[in-house]
Amino acid sequence: MTHASVQQPLAKSRALSEMVVDRIWRFFCSVRAAVAEIAILAVLVLAGTLRGSSVPQAIADLFPVTAPVVDRWYAWDVFRSLPFAGILTILAVAIAVCTINRAPGIWQAIAHPSVTTTHGFLRNAETSAVFAAPMPADAFASQLETALRSRSYRVLSEERNGEIHLYADRWRFSRLATFPFHLALIMILAGGIVGATWGFRENEFYIPEGSVRELGYGTGLDVRLDDFSEVYREDGTALTYRSDVTLMRDGEPIQSGSMTVNNPLTFGDIVFYQSGFGQAVALKVEDSAGQVLFDDALPLGPFQSKLNPDAPAARMNLLPAGVALSVIAPDENPANAPELDTLQLRSGEMFFMIRPLGADSPITQPIGATVRQGDSIELGDLTLTFVRERRFSVLQIASNPGIPLFFAAAVLLVGGLAVTFYFPHRRVRGIVSTSADGSLARLAPIARRDWSAKRVFEQLAVEIGRQLGTDPELHVNEPASSSTGLGQSVRPSF
Amino acid sequence: MEALVRLSFYCFAAATIAFVASAACYLAYAVGRVRLRQRTLATSAGTTLVAHEASLEPAALGVGRFATLLAWFGVAFQAASILLRTVAGGRLPLSNMYEFSTTFVLLAGVVYLLFERWYGVRQLGAIVLPLVVAMCGYVWLLPADLREVNDLIPALQNRPLMTVHVSLAILAYATFAVAFAAAVLFLIANRWHVSWLPSPDLLDDLGYRAVTIGFPAMSLVLILGSVWAYRAWGTYWQWDPKETAALFTWLIYGVYLHTRSLRGWRGSRSAVVLLVAFGAVVFTYFGNYVFGGLHAYGGV
């Protein structure tokens, strides 16, 4: 085999790999593909949104044949699904690739724009302005440049074939604003990943008044609820509720503070939020030897008992005693389904029930009884004392190291949008040439189908004419799709 | 306070009447008038032939001016209504659908009139004002107890954030309504070449300009909503249905902005995207009726 024949397959495979990379690169740079990706993401977001509504069920009720599809829809956790993560990943890659691809061209347009143009471009532009002056072309071009600069335009000029080509632009750096905006989108995604990976969130941290609970998550912190208070309006709705807590480490208090809804408590990068509250019961459980198995408060509400589904209830496993303890409070709304209330508890009473737990449980059947506040009762081998009613506070506790990324992204996103939309890059091209009466200058904006840009140019032309003491002749080439159907028209400025 | 609330409602009623009249005038102005002509022709046989012809012509300019005047009256009355309710409640009226919708009526009127002034396009009112009237009708159908001024529930007790977040949402929706109207008119003007409608390029630009106000406003709505969620609930994004519906709307307008740089998409196709996007706005606006989640407070 010759060296040349070995080279050919290598060359072919290199060409193939380059072609593949080139195709992939083009795909990620394609605006058309980006539109499709955003649209797919929007559809998935819509699917996830509707999943949290009654709309799919309404569809199933109207069209029973769709019921299996609707069931799968409700069961599909869209926002944690592979397609959703996939489209976000594709979009993030597309943003990065597109940015890398566009950056050189945008910088070229900013730093080294092409100055020369053609008479054909100026003649066929949708709007153009013609200025005449009884002076040589270079003097007239100089005056035009001064007038443009007075309107904050950067002006570049180049002489070619005895004519002076002009390029003027304003707010050229605004073209860069697209990059912080798109970067912000990636930063938001990154912030979410950082938060999910290195942060934590406890959604329902129940803590009764006077109790201490361990926070966990490797923080080494304990939380003690010193006091809970709420204020109600005349109509019975809650106005505000507040938790006074002390944070402790190794049994020693390190920080105390209060929190209400919308006013969280911060400790380092951990934030404590007031979420809700409810009723709790302080009780004491002792075994037959007098050993205390439980002496604390138990939040009522997270558990629902069949003895009265409406009543706040709690359940706790007492492993040393081999029993599960259920505690049920009086019904909060006796008028609602009273037939379900098998206990008929009065204010100041609690119902305790123990059930067998495990094969070694000392009891074989559930044993229950009603107890008044302050009283004790024996159930099996256990003595249970209903000490008093209390409240508990429900906190949300979170640590999110991705938050700084999010806030930085927010600033970049809004800033990028504002600059892109409100300081658009305006560009004007022109040629100044010698005429029989002196010189003629024709200017036109780079503004295809951009009504605002054309209007800005017309105002600029009028202003330049005022400065130069000459009225411009404005030419309008209406596109074929215009409603008037007119062709080129000339109108004087005013 | 009750007197102020009642007076506020009377001002809203007056605004409704003004907006209804204005919408009628804008429609008449946009549609034009039918002019009937009769011509008598003499035939070679010595008889006469009477011919009738009808032509569609633009309406008198005075109709359009009257429409604008009525719209300004509506805005003035509605502003008074909002002001009175603000004084009564000690805060901007933004906490339930009644307050949100009445504030939307005001902002939609203001935003439309500003665009009318900047662009000199009155025909847009034929679409925006009926939308405003429809929203007034919706407000009239709301339960009367929503008109009472109540204290904020604990979850809403962050006045700076609530004011800015909700106000920006209303501003975004109002500008998107103008963009929707521009898109509808664009499709009509582009299809039928009605001589007294603005040029398609102008309408395309107007729709785009409206979105350049609404899209950043919507972005801020999402950002400030996230900031508030972080402050109140400990996380800046919970995939709550109202959050994701707003994100869906934002994405559709993102699609629109990208289509404007696509060859062959600028014009009719991007106008259609604007129509779809406004559908997303309506979905997000009224989503409270079908969503559960964290935004389902305020009693609708």
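Given the structure is predicted, the values throughout are model-derived calculations rather than measurements. (Residues numbered from 1 in each chain as written. Chains lettered and ligands numbered in written order. Predicted model: local features only at pLDDT ≥ 70, side-chain atom pairs only at ≥ 80, totals over all residues.)

Considerations on the overall build of chain B
(1) Moving on: Looking only at helices and strands, one finds eight helices and two strands in chain B.
(2) Moving on: Secondary structure elements of chain B, listed N to C terminal, follow the sequence α-β-β-α-α-α-α-α-α-α.
(3) Moving on: In terms of overall dimensions, chain B has C-alpha extents of about 90 × 55 × 30 Å along its principal axes.
(4) Moving on: Taken over 300 residues, chain B has a buried fraction of 51%.
(5) Moving on: Once local pairs closer than 6 in sequence are excluded, the contacts in chain B between residues at least 24 apart make up 77%. (Helix = DSSP H or I, 4+ residues; strand = E, 2+ residues; numbered from the N terminus. Buried ≥ 20, exposed ≤ 12 C-beta atoms within 10 Å, placed from the backbone. Contact = placed C-beta atoms within 7 Å.)

Re the packing of helix 8 (residues 178-198) of chain A against helix 9 (residues 403-422) of chain A
Helix-helix packing: each pair is described by the crossing angle between the helix axes and the interaxial distance.
All names here are of chain A.
(1) Moving on: Between helix 8 and helix 9, whose axes approach to 7 Å, the crossing angle comes to 160°. In terms of orientation, helix 8 and helix 9 fall into the roughly antiparallel class. At the point where helix 8 passes helix 9, the crossing takes the left-handed sense. Contacts from Thr178, Pro180, Phe181, Leu183, Ala184, Met187, Ile188, Ala190, Gly191 and Val194 of helix 8 reach helix 9 at Leu405, Phe406, Ala408, Ala409, Leu412, Leu413, Gly415, Gly416, Leu417 and Thr420.
(2) Moving on: When the residues that make up the contact of helix 8 with helix 9 are grouped by side-chain class, the tally is 15 nonpolar, five polar and no charged. (Axes fitted to C-alpha atoms, helices over the stretch in contact; angles between N-to-C directions. Parallel < 35°, antiparallel > 145°, perpendicular 65-115°, else oblique. Left-handed = near helix turned anticlockwise from the far one by under 90°. Nonpolar A, V, L, I, M, F, W, Y, C, P; charged D, E, K, R; others polar.)

Some remarks on the domain arrangement of chain B
Residue and element names in this part refer to chain B.
(1) Moving on: Each assigned domain of chain B is listed with its residue range as follows: domain 1 (1-32 + 58-151) and domain 2 (152-300).
(2) Moving on: Facing the 25 residues of domain 1 at the interface are 28 residues of domain 2.
(3) Moving on: Elements represented by at least two residues in the side of domain 1 that touches domain 2 include exactly helix 3 (97-119) and helix 4 (125-141).
(4) Moving on: The leading source of residues in the side of domain 1 that touches domain 2 is helix 3, at ten residues.
(5) Moving on: Within the side of domain 1 that touches domain 2, the residues separate by chemical class into 18 nonpolar, five polar and two charged. (Domains from an automatic or database assignment.)

Thoughts on the interface of chain A and chain B
(1) Moving on: Listed by partner, the interface residues are 50 residues for chain A and 51 residues for chain B.
(2) Moving on: Of all the secondary structure elements, the ones that give two or more residues to the side of chain A that touches chain B are helix 2 (31-51), strand 7 (238-249), strand 10 (270-286), strand 18 (382-399), helix 9 and helix 10 (451-468) of chain A.
(3) Moving on: Considered class by class, the residues forming the side of chain A that touches chain B number 29 nonpolar, 16 polar and five charged.

Examining the domain arrangement of chain A
(1) Moving on: The domain architecture assigned to chain A consists of domain 1 (17-108), domain 2 (115-171 + 424-492), domain 3 (177-198 + 400-417) and domain 4 (200-399).
(2) Moving on: Taken over C-alpha atoms, the centre of domain 1 of chain A sits 44 Å from the centre of domain 4 of chain A.

Comments concerning the nonpolar core
(1) Moving on: Counting 175 residues, the largest nonpolar core has Ala108, Val128, Val178 and Ala182 of chain B as the members making the most contacts within it.
(2) Moving on: Residue contributions to this core peak at 21 residues, all from helix 5 (residues 159-192) of chain B.
(3) Moving on: If we ignore the near neighbours within four places in the chain, the residues touching alanine 108 of chain B are Val128, Leu131, Val132, Ala174 and Ala177 of chain B.
(4) Moving on: Residues Ala137, Phe140, Ile164 and Tyr167 of chain A belong to the second largest nonpolar core, which totals 28 residues. (Core = buried A, V, L, I, M, F, W, Y, C linked by C-beta atoms within 7 Å.)

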